[in-house]
Amino acid sequence: MKKLSFINKVIYFINVVVAVLLMLSYVLPFLPPKTFSILAVVNLGVSFLIILNVLFFIYWLIRLKKQLFLSLVVLCVGYFSFGSLYKFSSSKKVEDAENIKVMNYNVRLFNLYEWIPESGIETKINNFIEAESPDILSFQEYHPHENMDLSFFKYKYEKLSGTKAKYGQAIFSKFPIVHTGSVEFPNTSNNAIYADVVKGQDTLRVYNVHLESLRIDAKVENLKKEDSERLFNRVSTSFKMQQTQAELFVKHKKACTYRMIIYGDFNNTAFSYVYRTIKGDLNDTFKEAGNGFGRSYDFKFFPVRIDFILADPVFSVNGFKSYNQRYSDHYPIMATLKLGP
């Protein structure tokens, strides 16, 4: 430190703070938000903290300073504990006649209230889904829009609420659905629904999970106008609700004897308690076969992955794709699975 200029000492101090926060975030998936709600808020910024540490590492590397080891060590700990925020490998893509294509999409009511200043969003979503042709499709924030025609799916299950505008979750399938149901969450319109789907001789359980929203405006300029204390309290309350919802869901999941696929908008990251709780021993299809950041939510300054497709280890993950279609505040994701090796 003695050999550093005053400016570099200030930069290194900030580097230490950012590195400590990132190291702290690695513990968060093991800490229940009901007990550690203050710390749980940190996980929302994990992507940002990782990017900052990469920038600090590059800064010190260019200057050939030993301070580069601080961020390097913290980043390595995260990589070996949780995997990389960014996947450098190309997306895995294996063609097989037995593949099942499964898509998840939070469609934000098909732009019913015109959040996106563009007409015909619902038609564009409809055409996109038809072109991509998933075998099983899960929607969050689904609305039975009059302009949507998903008749190319033979089977569906939807669970809706609301008075003026019906909304909720839905599962569409090209394979027969033989049983359906829902896992109700208390004091919210969010829930998890499921459908038992028959493919060949196998029955698969498909879950569609939508956890409590953090109700954060994705536009940074609007975030700046928010009262920080109110924002913090709202996010903390949502995290606690998410914990309750995740634990209720896992209790239901454990009673299922079928091989399962879990789709969903968790409204939280892969560094969170609820992600770790729901995932259990399932495979995250993005980690198995994706590439890039796997961004699924439209946040302006850094990539956020809060939508997931998790699959029973018995499935081979033969592909994963994150799309860039901006027809909602979420982006669609699709995994290609095969039952067995």
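Further up the page is the structure itself.
Scope of this entry: the structure provided in the associated data block. The model shown is predicted, which means the values in this text are computed figures rather than measured ones.

Let us look at the overall build of the protein. In terms of helices and strands, the protein carries nine helices and 12 strands. Against the compact-globule benchmark of 20 Å for 341 residues, the protein has a radius of gyration of 21 Å, which places it among compact chains. A principal-axis box enclosing the C-alpha atoms of the protein has dimensions of 70 × 45 × 40 Å. When the 341 residues of the protein are sorted by exposure, 52% land in the buried category. Across the protein, contacts joining residues at least 24 apart in sequence account for 70% of those joining residues at least 6 apart. Summing over all exposed atoms, the protein offers an accessible surface of approximately 16,700 Å²; the carbon and sulfur share of this is 57%.

Moving on to the pattern of salt bridges. As enumerated under the stated definition, the model contains 10 salt bridges in all. K124 is paired through a salt bridge with E118; the nearest N and O atoms lie 2.2 Å apart.

If you walk across this open sheet you meet the six strands as 3-4-2-1-12-11, and the pairing is mixed. The open sheet is flanked by strand 3 (155-161) and strand 11 (315-322), the only strands paired with a single partner. For this sheet, the mean inter-axis angle between neighbouring strands, taken without regard to orientation, is 15 degrees. Running at roughly 165 degrees to strand 1 (residues 100-106), helix 5 (residues 121-132) makes contact with strand 1, strand 2 (136-142) and strand 12 (333-339) of the sheet.

A few words on the environment of T180. Tracing the backbone shows T180 in strand 5 (residues 177-184). Take T180: its relative accessible area is 29%, and that puts it in the partly exposed class. Between the C-alpha atom of T180 and that of Y194, which follows or precedes it by 14 residues, the distance is 5.6 Å.

Spatially, the six strands line up as an open sheet ordered 5-6-7-8-10-9, and their pairing is mixed. At either end of the open sheet lies a strand with only one pairing partner, and these are strand 5 and strand 9 (283-284). Pairing of strand 9 with strand 10 (residues 307-311) involves two bridges; the strand directions are antiparallel. Bridge pairing in strand 10 links N283 to A311.

This next bit is on the packing of aromatic side chains. The tally for this structure, following the rule as stated, stands at 17 aromatic pairs. Here the aromatic rings of Y12 and W60 are separated by 5.9 Å at their centres, their planes lie at 75 degrees, and the arrangement is edge-to-face. You can see Y12 sitting in helix 1 (residues 6-25) and its partner W60 sitting in helix 3 (residues 46-62), a full 48 residues away along the chain. Across this residue pair, the class does not change: Y12 and W60 are buried. Ring pairing ties together the aromatic residues F110, F139, Y142, F152, F153 and F172, which thus form one cluster.

Cut-offs applied
Residues numbered from 1 in each chain as written. Predicted model: local features only at pLDDT ≥ 70, side-chain atom pairs only at ≥ 80, totals over all residues. Heavy atoms only, no water. Helix = DSSP H or I, 4+ residues; strand = E, 2+ residues; numbered from the N terminus. Rg over C-alpha atoms; globule rule 2.2 N^0.38 Å. Buried < 20%, exposed > 50% of the residue type's maximum accessible area, 1.4 Å probe, protein only. Contact = heavy atoms within 4.5 Å. Areas by Shrake-Rupley, 256 points an atom, 1.4 Å probe, with all protein chains shown as cover. Salt bridge = Lys/Arg side-chain N within 4 Å of Asp/Glu carboxyl O. Pairing = 2+ DSSP bridges. Axes fitted to C-alpha atoms, helices over the stretch in contact; angles between N-to-C directions. Phe/Tyr/Trp six-rings, centres within 6.5 Å; stacked < 30°, edge-to-face > 60°.

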